[in-house]
Each structure stands twice: as structure tokens, then as C-alpha cells.
Protein chains: 2
Amino acid sequence: MPSNPSAERLIADLRTLATIGRKGQGLYRRAFSEQDLEARLWVKARMEEAGLETSLDSFGNLIGYTPGCERYVLIGSHTDTVPNGGWLDGALGVMAGLEVARVMPPGRETGVAVISFSDEEGRFCPLLGSQLFCGHLSPQSALGLVDESGTALADARAQIGLSGDTVLRLDPSRHVAYLELHIEQGPILEHEGLEIGIVSDIVGIARARVRFRGQADHAGTTPMALRRDAARGAYLFAEEFHRFCSEAAESGSVWNLGGIRAEPGAFNVVAERAEILVEFRSSSSDSIRLMQRQIPILAQAAAQATRADVEILPAGDVAPVAMSARVTEVMARAATALGFRPKPMVSGAGHDAMTMAPHVSTAMLFIPSLGGRSHTPEEHSTDEALTAGLAVLSATAAELLAQEIQLEAVR
Amino acid sequence: MPSNPSAERLIADLRTLATIGRKGQGLYRRAFSEQDLEARLWVKARMEEAGLETSLDSFGNLIGYTPGCERYVLIGSHTDTVPNGGWLDGALGVMAGLEVARVMPPGRETGVAVISFSDEEGRFCPLLGSQLFCGHLSPQSALGLVDESGTALADARAQIGLSGDTVLRLDPSRHVAYLELHIEQGPILEHEGLEIGIVSDIVGIARARVRFRGQADHAGTTPMALRRDAARGAYLFAEEFHRFCSEAAESGSVWNLGGIRAEPGAFNVVAERAEILVEFRSSSSDSIRLMQRQIPILAQAAAQATRADVEILPAGDVAPVAMSARVTEVMARAATALGFRPKPMVSGAGHDAMTMAPHVSTAMLFIPSLGGRSHTPEEHSTDEALTAGLAVLSATAAELLAQEIQLEAVR
């Protein structure tokens, strides 16, 4: 068994890291900003102090290996933030990985590696760093990506002095497992008074922009039966979609119609156009596929009922990803042995673990987000939860390494 | 009987008037613009050519009287337009009134007067001129009104050289009736292949801004049951409002929810705020009152169902107005005698006739709008319909004057 990891040291590290890129209460470490690079270099220095061999690739992916090992339990997340972000999202996973690496003695051939992926928050593309690491995205394509202000990744990178085309690449044969500790970003653990959630699946997403087109008419002089009301198309669709999901979607699925715009948008004008943003998330591939089929059916029915036309624009679907049953089980046993009551959970948000899961046995650990908040300066967790998360992460890594050492002995 | 009014002359007048303020295909005679004043002065000159005694007040209301009479049938409408407006809305009523005045011989004490009200389209206030004329609005209050760019009426007026506080005021004892000929601004007459509509009532309006307030949460990580979804509050309210109106509203009522905004308005964020614009129109005071009571009830229910809060902001209610049964009957008989099948109609749009009706016996005549369009350069009617409208208007005025002459004889 390793010496115990220190939650105090982890929290102190996180507090120091949270001084980089701070403006007011919030953190601004947008990927490929000066502050993002500063944070990465600070983490790199801490990795080296801990005796790890580090490597920063030309896209900002940072890795630190316990020297002398052939196979690793890889632990990590990211240190970039959304604008006005919080101190735990991403940072917790990286710094907890480092704390585990500090105390985990290497086996004959096995040890811990720590990774901070680049641009998880998607300034240029969500999960950019892990997608490069796993070969889902070529460096050439990545360089051509632009952010919402039209800046190309190549230029943003050059501005902070990064260049070249070195890319850290996953070698699955060298990685026993990938582990990620993250705040829940939702209210469930807090709501149930629990400190440990173990992710079974990361949800898939079906998204569409549903655009109704009717006819702008005087809303006082046009009889109801002669209208082609784009806004009512959208309201009717929204309610029918909600009803269908409530009845037909796999338990645990969630959906949202958080964006809508009607034009011209006046009291006395029947809306000519209305666009509504539709999102459905589920860990079940069947549910995702069902909704992909159902969105056009419901939209057509709403359009027909309101004499409008409708157009469906896909908006980036994502398939659900299951975590490794074996590693998840090790994690659950470790949590239970430490006296926690781990809750199996579905992650409704995407994480680098999604990208890793198809290539290496992957598991994710959640601790509560206070008030369910994240991506905001109010993002927080308790010291108890941070301590619990670190302990379970560390015990899981230790057990995986122990199993690996046994396997080696058998080889 | 008068000599016949000339539809050719009316159409020629309207075509000439439509050259004033033209930009591209559309008309720009916003109230208190140079073009608006130019049109009024042009109409004033035409009135004088027809032998009328004219008066232009310091707010742009223009009236022309047949000289020597003590009592009048007043006919009119307005010559200001919405930006990018059409050639018939308002202008038809004024120029048809003038054509009737041209051919209607004065009785011993009775004749025709023609009025062009100021700012019917509401640059500063809807029905501004007729409200001044009827004393619903004081000149002092009017001068303080501002348009949507913040310009005060006093300044706009000064810029085109109007000043002073002369205000034409209605003397009910001198007016037998007020008549207004207008395009329908809706599709009903065209839809039914009819040329004459006779307005029985002008609708009242109940309006509200319904604001839902919930909580912005991550739409992937917040379970459905824990959300406070402002957007769903609005969608649910919209559908319940539609259902309630469909079942409970007096026949002929119309409603619209043409404006909605959800914030922050993203795929993956549960909406924190949503505002929806609600309008209901009916000729029945009971229906208007029912909806004024029902909007808060339905909004509260939708808010409760979606765990949001709701606030209702009134947005300018208007009571319904009935036209004079006696004058309407004269008009219907005149139309039938001329071989038309007049359709009793409710006006869903507001008109100066609304302001006049409480003070003087008032009736309105509709002719079809092609495609139901108005407030657009495509606004049009057929020569046949224009001819029909003028004939019915003229015959109605003649009959009212004839009745007045008989009454005088009895006095």
C-alpha cells in the first residue's frame, strides 16, 4: 500500500492553481490563453518536483510519468476553464492525479502517470486534447479550427509561443487504465447526502435546431384558421416533445429546449419564423436513436397542426459511452472499503474520459458540487468530499497497480 | 340624390397621393415627418379645390367642411403611414370622403365634412389625432409624448414648422355621424369572395408580458425533477392558453403569442428567464375580462408545474367598441340596394372610428385587402372593390343626410 495521499496538499495545490487567471472571483484560463499556458507550466513544474518525467506537446497536452515504468495507471483531466469558471472543474482531476503519483511507489514495471488534456472546454473543439491524444483528430485538422471570434487555433497557439507538431499519443499497451476524478456538476450527490459517485456511463446527445416557417400576418385581423403560425409550431412541438420524452425515454434521460426565438416577435404579428434548440441526453444508444427518429416526426406533426413548414438542422450528435465495468467495480469496492456508500451515476456532461473509454479501461469518480453548480465562480465542494474523492482515487489506482503486478508475475 | 362619385377620380387621387413619401415601392409618411405634412397640405389643397372650408390644427389634424351647413356627416381616416407602408391604409378613407363631399349637394343645413386624423399609426401614440379631437388626450400631454427613438412630439412638430395649440375639437351636436372606409387588413372578404364588409364592432385587446423566472442549470447534469425551467413554463403556458382560448373564447376572438425570448438561451442550459408576449382580441367585453382573469391563472399553473416563478406585466388593454346599430343598418341597406352582399364583420385592428364611436354615431366599411396584406408595399385592393366601397360610402352618407333633412323638417 502507498503512503496516504494528502488532501491538505491537494487543496493547497488547487488554491494556488486558482490564483492563475483569476479576475474578480472567476477564473479565466481559456484554452491557448497566456493564463492557460501559465497554469500548464506551473503544473509541469509541480510534476517535476514530484519526480515525474514530463512532456508538453505542441497543442498543450501535458503528461508526467513515474520514471522507469513500462505500464501506467493514467490519471487526469484538464486545467483550462470556461470564461468566469470555477476552481475545481478539471483542475481537481489533474491535481488529484499528481497527489496520487506523489505517494504511489512504482512497482517493478508499473506506476502512475498524470495527464492534463488541452482545451477540454471546447474553445476550438470540445475535448480537443484527448481527441488528439487518441487519434480522433489529426494535428492538421486541429490547426485549422477556429474559435467563436474567428481566431484559428494555429494563430492562438503561435501567440503564446507554442509551435510545431509534436503530439502526445496514447499507446494503449502502456496504459492499464484511465481514471478521472471530477465534481458532479449536478445536484444529485448533494441532494442525496452522498460523497462518492461512480460513473457507469457518459450520456450521448441528440441535438437539433428545429426551424418553423409560417407567414407574418396581422394578429388582430387574421382569423385563427387562416394563420400559419411559426411560434405556435414551436410551442406545440416543445410540449409534445416533453410529453413524448416523459413517457418514452429511458429512465435517467434528460432533455432541454432552452433556446427559442420567434420573428418578428411582436404582440400583434403572427410569427413568421421560430427556431427552437432541442437537446436530449441518455446513456442508452437506443434512446438516442429513438429521439433522432422522433424529433422530425414530432416537428412535422406540430408544423402540420399549425400550417407551418419545418426544417430540422442537426447540431452535433454524440454517442453514449460506457465506462469499464472492471475498473468501475474496483473503484466501487475501494470506496466501500473506505466506508463510503458509492452511488452509481450517469454523467450528463461530457469529459475526456469519453474519448479515452474506447481505447483504455476507463472509470470516473464524482464528488458533490455544492448547489449543483459548476462553470461559475460559485463552483465548490467540501473539504470532506475532496478528501473522500482523493482517497477513493488513490485506493483504486493502488488496487489496479496491485492487480497489474500480479498479472506481471503470472506472465 | 347626389351625382355619382367617380371611382376613377378617387383612384387617380390615391395614385397621386402615393407619390408623396415614396421610397422604393413603399410609402414613408411617418406622422410629423416632412412627407406627412406634405401629404396633408396636398389633401388640404384638394379639399379647397372641391370648395370645402379647411382647417389644419397645430397637431396635424385636417378637416374640410361643406360651407354654410350647421350639421355634417363626417367622413375620414388618416394619411400618415407606417414606415414602408402601402397606398390604401388610411388614405382611402380620407380621399373617398373627399370624393363624396365633391358630389354631395349640401342640404339646407346639412352637408359632408372630411377629416384626416393625425398620427393614427402611433409614432407617438396610436389614434393620437382622433384622441385629441375627442378630448381623450390633452394637447399638453400630447406634446410630452416621445417616439421610439426618444424624440418628443413637441420637437418633431417644430422641425416641420408646426406650432401653437390650436386643436380641432369634436362638437357632437354638429355631427350626424362619422363614417370610415378602410381596407380590411385581413383575408376574410377575399377568402369569401365578397367586396363589402360592414363592421359591427372593433375588438378590445388584453395584453400581457408573462415573465417566467427559473434557475439556470446544466441541462445534462440536472435531473428533470430538480429543474426550475423558465422556458418550459412559457411553452406550457402558451399551449394551455391556446387550448383555453380555443374552448372558452367567444367565436371570432383571436389570440397570439408571437414573441418569446428565453435566456441564456443555449442547448445545454436550462433557461433561467423566459418572457412571452400574450395578446387576446375580442369584440366581447366579457371575453376580454375573462382573459384578463385567466392569463394570470394559466401563468401561475404553468409556473407551478415547472417550478418557476412568474410575473405578469400588463401591456395596454383596450376595451371593445360597438359601432352604431342605426348607421350600420343604413350602410347595410345601402350596400344591399347597390347589389352587394355585405358581410357583418368584427374589426380586429384599431381605427379612428374606435375613438369616435362613444361620441357620435359611427360606422365602418371594409373592402378586401389582396392576400389579406396591409402595412406593406404589397397592400392592394381591386378597382372593383374600390368602386364598390366608394358607392356604398356615398349612398350611406346620402341616406343619412336625407334622414337628417326629414328630421329638420319635423323640428
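Reading guide: rules and limits
- Residues numbered from 1 in each chain as written.
- Chains lettered and ligands numbered in written order.
- Predicted model: local features only at pLDDT ≥ 70, side-chain atom pairs only at ≥ 80, totals over all residues.
- Heavy atoms only, no water.
- Disulfide = S-S within 2.5 Å.
- Buried < 20%, exposed > 50% of the residue type's maximum accessible area, 1.4 Å probe, protein only.
- Phe/Tyr/Trp six-rings, centres within 6.5 Å; stacked < 30°, edge-to-face > 60°.
- Helix = DSSP H or I, 4+ residues; strand = E, 2+ residues; numbered from the N terminus.
- Lys NZ or Arg CZ within 6 Å of the ring centre and 35° of its normal.
- Contact = heavy atoms within 4.5 Å.
- Buried area = accessible area lost by both parts, 1.4 Å probe.
- Salt bridge = Lys/Arg side-chain N within 4 Å of Asp/Glu carboxyl O.
- Polar contact = N/O pair within 3.5 Å; in protein donor to acceptor, adjacent residues only side chain to side chain.
- UniProt positions renumbered as here; feature names shortened; annotations may be inferred.
- Least-squares fit on C-alpha atoms with pLDDT ≥ 70 in both.
- Core = buried A, V, L, I, M, F, W, Y, C linked by side-chain atoms within 4.5 Å.

The name recorded for chain A in an unreviewed UniProt entry is Zn-dependent hydrolase, from Microvirga aerophila.

**Q** How would you sum up the state of the cysteines? Please name residues and give values.
**A** All names here are of chain B. Inspection of every chain in the model, using the stated rule, returns 0 disulfides over all chains. Note on Cys-134: no disulfide assigned, nearest cysteine sulfur contributed by Cys-125 at a separation of 13 Å. Cys-134 sits in the buried class, given a relative accessible area of 9%.

**Q** Outline the packing of aromatic side chains, listing residues and values.
**A** Enumeration according to the criterion identifies 14 aromatic pairs over all chains in this entry. Ring geometry for Tyr-65 of chain A against Tyr-72 of chain A: centres 4.8 Å apart, planes inclined by 55°, an arrangement best described as tilted. With a relative accessible area of 17%, Tyr-65 of chain A lands in the buried category. Classification of Tyr-72 of chain A as buried rests on a relative accessible area of 3%. When the centroid spacing of 5.7 Å and the interplanar angle of 20° are considered together, the rings of Phe-237 of chain B and Phe-241 of chain B count as stacked. Placement of both Phe-237 of chain B and Phe-241 of chain B in helix α8 (residues 230–248) is noted, with a separation of 4 residues, approximately one turn of the helix. We note that Phe-237 of chain B, like Phe-241 of chain B, is buried. For the cation-ring pair, Lys-23 of chain A lies above Tyr-28 of chain A, with the distance from its terminal atom to the ring centre recorded as 4.5 Å. Sitting above the plane of the Tyr-65 of chain A ring, Arg-174 of chain A keeps its charged end 5.7 Å from the centroid.

**Q** For unusual backbone geometry, give the residues involved together with the corresponding values.
**A** Going from Glu-263 of chain A to Pro-264 of chain A, the amide bond is cis rather than trans, its omega being 0°. Positive phi outside glycine occurs at Phe-32 of chain A, with the angle close to 70°. Within the element layout of this structure, Phe-32 of chain A appears in the loop between β2 (26–27) and α2 (34–49). Phe-32 of chain A sits in the buried class, given a relative accessible area of 4%. Not every positive phi belongs to a glycine, and Leu-127 of chain B is a case in point at roughly 60°. By the secondary structure assignment, Leu-127 of chain B is in the loop between β6 (110–117) and α4 (128–133). On the basis of relative accessibility, which here comes to 13%, the residue Leu-127 of chain B falls in the buried class.

**Q** Please provide a residue-by-residue account of the interface of chain B and chain A, values included.
**A** Across the contact, 51 residues belong to chain B and 51 residues belong to chain A. In this assembly, chain B packs against chain A so that about 4200 Å² is buried in total across both faces, 61% of it on carbon and sulfur atoms. Interface area lost by chain B to chain A is led by Tyr-235, Glu-239 and Phe-267 of chain B, which between them contribute 19%. For the pair chain B and chain A, the number of links is 2 salt bridges. Taking the shortest distance from any N to any O, the salt bridge between Glu-239 of chain A and Arg-232 of chain B comes out at 3.2 Å. Where chain B packs against chain A, one counts 14 residue pairs in polar contact (both at pLDDT 80 or more). Listing elements by their share of the side of chain B that touches chain A, those giving two or more residues are α7 (188–192), β9 (204–213), α8, β10 (254–263) and β11 (273–282) of chain B. Per-element accounting of the side of chain B that touches chain A gives the leading share, 9 residues, to β10 of chain B.

**Q** Describe the UniProt feature "binding site: allantoate" (unreviewed entry) in chain A, with residues and values.
**A** Within this structure's numbering, the places UniProt gives as "binding site: allantoate" (unreviewed entry) are Arg-207, Asn-268 and Arg-281 of chain A. Their sequence span is 75 residues, while the largest C-alpha to C-alpha distance among them is 36.5 Å; these annotated residues do not converge on one region. Tracing the chain through its elements places Arg-207 of chain A in strand β9 (residues 204–213). With respect to the helices and strands, Asn-268 of chain A occurs in the loop between β10 (254–263) and β11 (273–282). If near-sequence neighbours (up to four positions away) are discounted, Asn-268 of chain A is found in contact with Asp-217, His-218 and Ala-219 of chain A together with Arg-207, Asn-256, Glu-279 and Arg-281 of chain B.

**Q** Lay out the relation of the copies chain B and chain A with the relevant residues and their values.
**A** Superposing chain B onto chain A takes a rotation of 180° plus a shift of 0.0 Å along the axis, which leaves an RMSD of 0.1 Å. The transformation just described matches what one would write down for a two-fold rotation axis. Closest to the rotation axis within chain B is the C-alpha of Tyr-235 of chain B, separated from it by 2.5 Å. Interface overlap between copies is the fraction of interface residues in one copy that are interface residues in the other; for chain B against chain A it reaches 100%, indicating a shared surface.

**Q** Summarise the nonpolar core; cite the residues concerned and give the values.
**A** Counting residues in each nonpolar core, the largest one holds 63 residues, and the members touching the most others are Phe-237 of chain A together with Phe-237 of chain B. With 10 residues, the top contributor of residues to this core is α8 of chain B. Discounting residues that sit within four places of it in the chain, Phe-237 of chain A has contacts with Val-210, Phe-212, Leu-257, Ile-276, Val-278, Ile-295, Leu-298, Ala-299 and Ala-302 of chain A.

**Q** I'd like a rundown of the pattern of salt bridges, residues and numbers included.
**A** Should their charged atoms come close, side chains of opposite charge can pair. Residues and elements named next belong to chain A. In this structure the tally under the stated criterion is 52 salt bridges over all chains. Here Arg-30 ties to Glu-148 by a salt bridge, and the two come within 3.3 Å at their closest N and O atoms. One end of the pair, Arg-30, is in the loop between β2 and α2; the other, Glu-148, is in the loop between α5 (139–144) and α6 (153–159), with 118 residues separating them in the sequence. Look at Arg-30 and you get partly exposed, because its relative accessible area is 23%.

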